[in-house]
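Here are the chains, one letter per residue:
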Amino acid sequence: MENLLQCSKTLYDHDLSEKTKQLRKYQLKMQINNWQEWENKVTKMFINLKNKLDDIIDEISELFNYDTMAIDNVVNCNIIYIIKNCLYSLTKNKEWSEHMAYFHFGLGIEGFLHGLMNTIDINDIFEPQDIINMIYKNIKYQLQYDKDPCILSPDYIILEFKCSKCKNISDYVNDNNHCFNCENDEII
Ligand SMILES: [Zn+2]
């Protein structure tokens, strides 16, 4: 019995370590000057995302012809492409942006739209703009919600700041843009 427990724990630890390795593979390190700069970049990306989704209102209107094939088209030909470009404009990393757009959003948004259209008659309740707003909120939630692991969390993006005092690179700075060591020196 003890051997069995040990074996199962070893297998579990191995599985966990493999999964952590896979996750780390897609962690991106980004150098940024301060939190304000990061928040500005993220805000700009969300405005761009909403504008680009508003631009595909004709494609979204196809969904109102009871055409479920249109879901796969609009997700794979338009929405994923928009997400990929928005993530690229934020990170300037093509491989990471492509991976996140294709593997983390495609199936989720398709599932959401299929579920919606198989449950209600969207013509009775919604306008194309409502569907765009829902897709936007779905994407925004997956990018930035208050629990890990959302896409803009340290599970996928590690922010590195330059301390304004000692100029060292650190994954932590306070409101004055001072790293942990400089902050501690100030307290003492
Ligand atoms: Zn410092």
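Rules behind the numbers
- Numbering of residues starts from 1 in every chain and runs along the sequence as written.
- Since the coordinates come from a predicted model, pLDDT governs what is reported: local features require at least 70, and pairs of side-chain atoms require 80 or more to be given and counted, while whole-chain, interface and lining totals use all residues.
- Each helix is a run of DSSP H or I of at least 4 residues and each strand a run of E of at least 2, with the numbering of both proceeding from the N terminus.
- The globule rule used here is 2.2 Å times the number of residues to the 0.38 power, and the radius of gyration it is set against is calculated over C-alpha atoms.
- Counting other C-beta atoms within 10 Å of a residue's C-beta gives its exposure: the residue is buried at 20 or more, exposed at 12 or fewer, and partly exposed in between, where C-beta atoms are placed from the backbone.
- One bridge is not enough; two strands pair if DSSP finds at least two bridges between them.
- Whenever a helix is involved, its axis is fitted only over the stretch in contact; in every case the axis is a line through C-alpha atoms, and angles between N-to-C directions fall within 0 to 180 degrees.
- For classification purposes, an angle smaller than 35 degrees is called roughly parallel, one larger than 145 roughly antiparallel, one from 65 to 115 roughly perpendicular, and anything else oblique.
- Whether a crossing is left-handed or right-handed is set by the direction in which the near helix is turned from the far one by less than a right angle, anticlockwise for left-handed and clockwise for right-handed.
- C-beta atoms are first placed from the backbone for all residues, and any pair lying within 7 Å is then listed as a contact.
- Amino acids are sorted into nonpolar (Ala, Val, Leu, Ile, Met, Phe, Trp, Tyr, Cys and Pro), charged (Asp, Glu, Lys and Arg) and polar (every other residue, Gly among them).
- Note on definitions: a nonpolar core is a set of buried residues drawn from Ala, Val, Leu, Ile, Met, Phe, Trp, Tyr and Cys, linked by C-beta atoms within 7 Å.

Asker: Looking at this structure, I do not really get the overall build of the protein chain. What am I missing?
Answerer: Scanning the protein chain for helices and strands turns up nine helices and three strands. Reading the helices (α) and strands (β) of the protein chain from amino to carboxyl end gives α-β-α-α-α-α-α-α-α-β-β-α. Computed over C-alpha atoms, the radius of gyration of the protein chain comes to 21 Å, more than 25% over the 16 Å expected from 2.2 N^0.38 for 188 residues, which places it beyond the range of a compact globule. With the principal axes as the frame, the protein chain shows a C-alpha extent of 65 × 55 × 25 Å. Burial statistics for the protein chain: of 188 residues in total, 19% are counted as buried.

Asker: Any chance you could explain the pairing of strand 2 (residues 157–162) here in plain terms?
Answerer: Consecutive residues of a regular strand have side chains that alternate between opposite faces of the sheet. Examined bridge by bridge, strand 1 (residues 28–32) and strand 2 share five bridges and lie parallel to one another. The residue bridging lysine 29 from the neighbouring strand is isoleucine 158, located in strand 2. Examined bridge by bridge, strand 2 and strand 3 (residues 169–170) share two bridges and lie antiparallel to one another. Among the inter-strand pairings, phenylalanine 161 is bridged to a residue of strand 3, identified as serine 170. The turn linking strand 2 back onto strand 3 is made up of six residues, and lysine 167 within it adopts a positive phi angle of 70 degrees.

Asker: Got a minute to help me understand the sheet that holds strand 2 in this structure?
Answerer: Backbone hydrogen bonds hold the strands of a sheet together, and the pairing may be parallel or antiparallel. Here we have three strands laid out as an open sheet, ordered 1-2-3, and mixed in their pairing. Each end of this open sheet is capped by a strand with a single partner; those strands are strand 1 and strand 3.

Asker: Looking at this model, I keep getting lost on the packing of helix 2 (residues 35–55) against helix 4 (residues 69–91). Mind explaining?
Answerer: Packed helix pairs are specified by the crossing angle of their axes together with the interaxial distance, meaning the distance between the axes. Their axes nearest at 10 Å, the elements helix 2 and helix 4 cross at an angle of 160 degrees. Between helix 2 and helix 4, the angle is such that the two are roughly antiparallel. As for how helix 2 packs across helix 4, the hand of that crossing is right-handed. Contact residues: Lys41, Val42, Met45, Asn48, Leu49, Lys52 and Leu53 in helix 2; Ile82, Cys86, Ser89 and Leu90 in helix 4. A per-class count over the contact of helix 2 with helix 4 returns seven nonpolar, two polar and two charged.

Asker: Hey, could you run me through the nonpolar core in this one?
Answerer: Nonpolar side chains in soluble globular proteins tend to be buried together. Ranked by internal contacts, the top residues of the largest apolar core, which has 29 residues, are Ile79, Ile83, Cys86 and Ile135. At the level of elements, helix 2, helix 4, helix 5 (94–104), helix 6 (106–119) and helix 8 (128–143) are the ones that each hand at least two residues to this core. A total of nine residues in this core trace back to one element, the largest contributor, which is helix 4. Setting aside its immediate chain neighbours within four residues, isoleucine 83 contacts Ala101, Phe105 and Ile139.

Asker: Explain the packing of helix 4 against helix 5 here, please?
Answerer: In contact at an axis separation of 8 Å, helix 4 and helix 5 are set at 145 degrees when each is read in the N-to-C sense. As helix 4 packs across helix 5, the resulting crossing turns out to be right-handed. Judged by residue contacts, Ile80, Ile83, Lys84, Leu87, Tyr88 and Thr91 of helix 4 engage Lys94, Trp96, Ser97, Glu98, Met100, Ala101 and Tyr102 from helix 5. Class assignment for the residues of the contact of helix 4 with helix 5 results in eight nonpolar, two polar and three charged.

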